[in-house]
Amino acid sequence: ETGVTQTPRHLVMGMTNKKSLKCEQHLGHNAMYWYKQSAKKPLELMFVYSLEERVENNSVPSRFSPECPNSSHLFLHLHTLQPEDSALYLCASSPGTSGSADTQYFGPGTRLTVL
Amino acid sequence: GQNIDQPTEMTATEGAIVQINCTYQTSGFNGLFWYQQHAGEAPTFLSYNVLDGLEEKGRFSSFLSRSKGYSYLLLKELQMKDSASYLCAVSGGYNKLIFGAGTRLAVHP
């Protein structure tokens, strides 16, 4: 399944580093999402983009900065992270049709470790 | 508040049937999803229920009762490859999924 790809798959960074996570979807979808998955906790929705506009920001700290240059690409820019930010970061996309629940399709995730 | 509960872990025997329950309390409801996630991999879509009743798809079936805030995922003829986490998620509105913490299923020979 290569509908949603994410790079890098693994990332180790120090608290003062700046890095970016990349997500690309090849499904022709209009909506894209960032989730955080920590051990034994539910997936936490971070950001939602619909037609390249941010429509949801779930009280995420400003050290996480999303960017959606077009409907196929989504970035998550990281700076001055904390060790508790270590987690699996998942990207997803969905058709983005209004008025119905959208099935979301996930990428394989980026395993982030903050030292 | 928003709350989705599912058991943390379950074990079952190869060839058997297992039922994974999910109860939810959400401020909105636009359907319920089940996803499967193998360790280190992406969650993959299994099923979607928006009306009460049973949806069957091969070895997997999903049931929904909206009045009870309850769903279950039924896995038949279990195989070793079914060992994974199963995530229950409620659509609380357009583009918004609320996930449970997942149920880790271990299938033994």
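Residues numbered from 1 in each chain as written. Chains lettered and ligands numbered in written order. Predicted model: local features only at pLDDT ≥ 70, side-chain atom pairs only at ≥ 80, totals over all residues. Heavy atoms only, no water.

### Thoughts on the state of the cysteines
Put plainly, a disulfide is one covalent bond tying together the sulfur atoms of two cysteines.
Residue and element names in this part refer to chain B.
Reasoning step 1: Taken as a whole and assessed by the stated rule, the structure comprises two disulfides over all chains.
Reasoning step 2: Residue pairing for C22: its cysteine sulfur links by disulfide to C88, the two sulfurs lying 2.0 Å apart. Its S-S torsion of about -70° marks the bond between C22 and C88 as left-handed, since a negative value means left-handed. Of the two residues, C22 sits in strand β3 (residues 18–25) while C88 sits in strand β9 (residues 84–93), which places them 66 residues apart along the sequence. When sorted by exposure, C22 lands in the same class as C88, which is buried. (Disulfide = S-S within 2.5 Å. Helix = DSSP H or I, 4+ residues; strand = E, 2+ residues; numbered from the N terminus. Buried < 20%, exposed > 50% of the residue type's maximum accessible area, 1.4 Å probe, protein only.)

### Section: the pattern of salt bridges
Between side chains of opposite charge, a pair can form as their charged atoms come close.
Residue and element names in this part refer to chain B.
Reasoning step 1: Taken as a whole and assessed by the stated rule, the structure comprises six salt bridges over all chains.
Reasoning step 2: The salt bridge involving R104 is made with E9; its shortest N-O contact spans 3.0 Å. With a gap of 95 residues between them, R104 in strand β11 (residues 103–108) and E9 in strand β2 (residues 9–13) connect regions that are remote in the sequence.
Reasoning step 3: Residue R104 is classed as partly exposed on the basis of its relative accessible area, which comes to 38%.
Reasoning step 4: Of the charged contacts, one joins D52 and R66 as a salt bridge, the two residues approaching to 3.1 Å between their closest N and O atoms. Of this pair, D52 sits in the loop between β5 (44–49) and β6 (53–57) while R66 sits in the loop between β7 (60–65) and β8 (70–75), and the two are 14 residues apart along the sequence. (Salt bridge = Lys/Arg side-chain N within 4 Å of Asp/Glu carboxyl O.)

### Considering the sheet that holds strand β8 (residues 73–79) of chain A
All names here are of chain A.
Reasoning step 1: Strand order in the open sheet formed by four strands is β1-β3-β8-β7, with antiparallel pairing between adjacent strands. Sheet topology places β1 (4–7) and β7 (64–70) at the edges, where each strand pairs with a single neighbour. The average angle at which neighbouring strand axes cross in this sheet is 20°, direction not considered.
Reasoning step 2: Examined bridge by bridge, β1 and strand β3 (residues 18–25) share four bridges and lie antiparallel to one another. Along β3, the bridge assignment pairs V4 with Q25. (Pairing = 2+ DSSP bridges. Axes fitted to C-alpha atoms, helices over the stretch in contact; angles between N-to-C directions.)

### Quick word on the interface of chain A and chain B
Reasoning step 1: Contacts between the two partners involve 29 residues from chain A and, on the opposite side, 20 residues from chain B.
Reasoning step 2: Of the roughly 1,700 Å² buried between chain A and chain B on both sides combined, carbon and sulfur atoms contribute 54%.
Reasoning step 3: Viewed at the interface, chain B and chain A are joined by zero salt bridges.
Reasoning step 4: The interface formed by chain A and chain B holds two residue pairs in polar contact (both at pLDDT 80 or more) in total.
Reasoning step 5: The set of elements that each furnish at least two residues to the side of chain A that touches chain B consists of β4 (31–37), β5 (44–50) and β9 (87–94) of chain A.
Reasoning step 6: With four residues, β4 of chain A is the largest single contributor of residues to the side of chain A that touches chain B.
Reasoning step 7: Residue composition of the side of chain A that touches chain B, by class: twelve nonpolar, twelve polar and five charged. (Contact = heavy atoms within 4.5 Å. Buried area = accessible area lost by both parts, 1.4 Å probe. Polar contact = N/O pair within 3.5 Å; in protein donor to acceptor, adjacent residues only side chain to side chain. Nonpolar A, V, L, I, M, F, W, Y, C, P; charged D, E, K, R; others polar.)

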